[in-house]
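An overview of the molecular structure
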Amino acid sequence: MSTPQTPAPSPSAAPPATERFTPIRAKAAPRPGTWISAVVVALLVVGLAVFLVTNPVLEWGTVATYILDVKVIQGVGWTLLLTVLSMVLGTVVALTAAVMRRSDNPVLRGVSWAYIFIFRGIPVYTQLVFWGLFTVIVPKIVIGVPFGPELLSFSTRDLLTAFWAAVIGLGLNEGAYLAEIIRSGLNSVDKGQSEASRALGMSNNLILRRIIVPQAMRVIVPPLGNETIGMLKTTSLVLAVPFTLDLTFATNGIANKLFTPIPLLIVAALWYLAITSVLMVGQYYLERHFGRGFDDRTPTGAATTGRRGGRSRQAAVNRAGTTPHDPLPEVEQ
């Protein structure tokens, strides 16, 4: 017994009247909290601006006079030099300590752990005071035969100036913190990649340089940028060495002469904010560089740009004409 089949409607036929519908015109729900918070913030900003402009204690004329003072600019230069050298030293020491923590040698792991424990446990100001007194604690370094004649000796005062004592103190303290950051970044790379690299005959040093470190940088760069900004501000403590050419000491010296500490504090704060802003921009581009292929927040336009002529590899493939224009061609039946 066969049942009658209903013929399929043609594509060009209009839908029945009962199936016609009117599209819904959706409207966003009102959010009065957004407008209220915006008004409150605007009033606070206006009040803060009026306070900053009308407060005579701030002395904006003095700020404008000394913002580009020679001693202040020199202090900025010394502060930047301290930051760069200390971060370079800290990064080298941290990478060495992190690799030692991953070593199979228990002696190397113990030495790395002791270094991190000591330098993270002592305040940085105390460490800087220690390095400032290092030439008193160790006035002379002697090289020679143990319990025998001296072959070479030199005074530590001739080698360890206040500047280098500040760099060593800041760098070693920073290395203890960066060591844990780098170790966590190295551990974030899957162990299977190291095993596959060893199967290809690569040495451990080559695996570390070519495979592990480039991928770990995606995890290392954000906290490394934060530590760099923190190092910039930590340089204000080098008076403990004592090193007296940094930005904070320069502005304090001018303030003591003029008996106007607040305007010179504003000068130092503005310079620190300006340098920090530049560092944050650099950190953003480093994160975007090492986060390629991982960052979901990459804009669509950025995905279509490359290094050569603003074109990506996919754009080059499309120009070659080796792929069909229609990604889903019709299949003949």
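Here, every reference points to the structure presented above.
A brief report on the enclosed structure follows.

Cut-offs applied
Residues numbered from 1 in each chain as written. Predicted model: local features only at pLDDT ≥ 70, side-chain atom pairs only at ≥ 80, totals over all residues. Heavy atoms only, no water. Helix = DSSP H or I, 4+ residues; strand = E, 2+ residues; numbered from the N terminus. Buried < 20%, exposed > 50% of the residue type's maximum accessible area, 1.4 Å probe, protein only. Contact = heavy atoms within 4.5 Å. Areas by Shrake-Rupley, 256 points an atom, 1.4 Å probe, with all protein chains shown as cover. Core = buried A, V, L, I, M, F, W, Y, C linked by side-chain atoms within 4.5 Å. Pairing = 2+ DSSP bridges. Axes fitted to C-alpha atoms, helices over the stretch in contact; angles between N-to-C directions. Parallel < 35°, antiparallel > 145°, perpendicular 65-115°, else oblique. Left-handed = near helix turned anticlockwise from the far one by under 90°. Nonpolar A, V, L, I, M, F, W, Y, C, P; charged D, E, K, R; others polar. Salt bridge = Lys/Arg side-chain N within 4 Å of Asp/Glu carboxyl O.

Looking now at the overall build of the protein chain. Of regular secondary structure, the protein chain possesses 14 helices and 2 strands. Counting the 333 residues in the protein chain, one finds 26% classified as buried. Taking contacts inside the protein chain between residues at least 6 apart in sequence as the whole, the part at least 24 apart equals 71%. Total accessible area computed for the protein chain in this model is approximately 23400 Å², and 65% of it derives from carbon and sulfur atoms.

Quick look at the nonpolar core now. Grouped together as the largest cluster of nonpolar side chains are 34 residues, with contacts concentrated most on Leu82, Tyr115, Leu128, Leu170, Ile182, Leu186 and Val238. Of all the secondary structure elements, the ones that give two or more residues to this core are helix H3 (70-101), helix H4 (106-121), helix H5 (124-132), helix H8 (162-187) and helix H10 (204-234). With 12 residues, H8 is the largest single contributor of residues to this core. Residues contacting leucine 128, with those up to four places away along its chain left out, are Ala166, Gly169, Leu170, Leu237, Val238, Ala240 and Val241. Among the nonpolar cores identified, the runner-up in size contains 15 residues, and Ile254, Leu264, Tyr272 and Ile275 belong to it.

Moving on: the pairing of strand E2 (residues 150-155). Two strands pair when backbone bridges link them, and strand E1 (residues 140-144) and E2 are joined in this way by 5 bridges, in the antiparallel orientation. Looking at E2, one finds that lysine 140 is bridged to serine 155. Linking E1 back to E2 in an antiparallel pair, the connection comprises 5 residues, with phenylalanine 147 at a positive phi of about 60°.

With that settled, consider the environment of asparagine 226. As for its placement among the helices and strands, asparagine 226 is situated in helix H10. Spatially, the C-alpha atom of asparagine 226 lies 9.3 Å from that of leucine 279, the residues being 53 residues apart in sequence.

Now for the packing of H3 against H4. It is the contact of H3 with H4, at a shortest axis distance of 7 Å, that shows an interaxial angle of 135°. Between H3 and H4, the angle falls in the class oblique. Considering how the two elements wind past one another, H3 and H4 form a crossing that is left-handed. Packed against H3, whose contacting residues are Val93, Ala97, Met100 and Arg101, the element H4 presents Leu108, Arg109, Val111, Ser112, Trp113, Tyr115 and Ile116 at the interface. Grouping the amino acids of the contact of H3 with H4 by side-chain chemistry returns 8 nonpolar, 1 polar and 2 charged.

Oppositely charged side chains can pair when the atoms bearing their charge come close. The final tally for this structure, using the stated rule, is 2 salt bridges. Of the charged contacts, one joins arginine 101 and glutamate 180 as a salt bridge, the two residues approaching to 3.1 Å between their closest N and O atoms. Note that arginine 101 is positioned in helix H3 and glutamate 180 in helix H8, a separation of 79 residues in sequence. With a relative accessible area of 23%, arginine 101 lands in the partly exposed category. The salt bridge partner of glutamate 180 is arginine 183, with a shortest N-O separation of 2.8 Å. Here the residue glutamate 180 and the residue arginine 183 both occupy positions in helix H8, the gap between them amounting to 3 residues, near one helical turn.

Close contact between helix H9 (residues 191-199) and H10 brings their axes to 10 Å; oriented N to C, the two are set at 145°. Between H9 and H10 lies a crossing whose hand is right-handed. Residues Gln193, Ser194, Ser197 and Arg198 of H9 lie in contact with H10, whose contacting residues are Asn204, Ile207, Ile211, Ile212 and Gln215. Residue composition of the contact of H9 with H10, grouped by class: 3 nonpolar, 5 polar and 1 charged.

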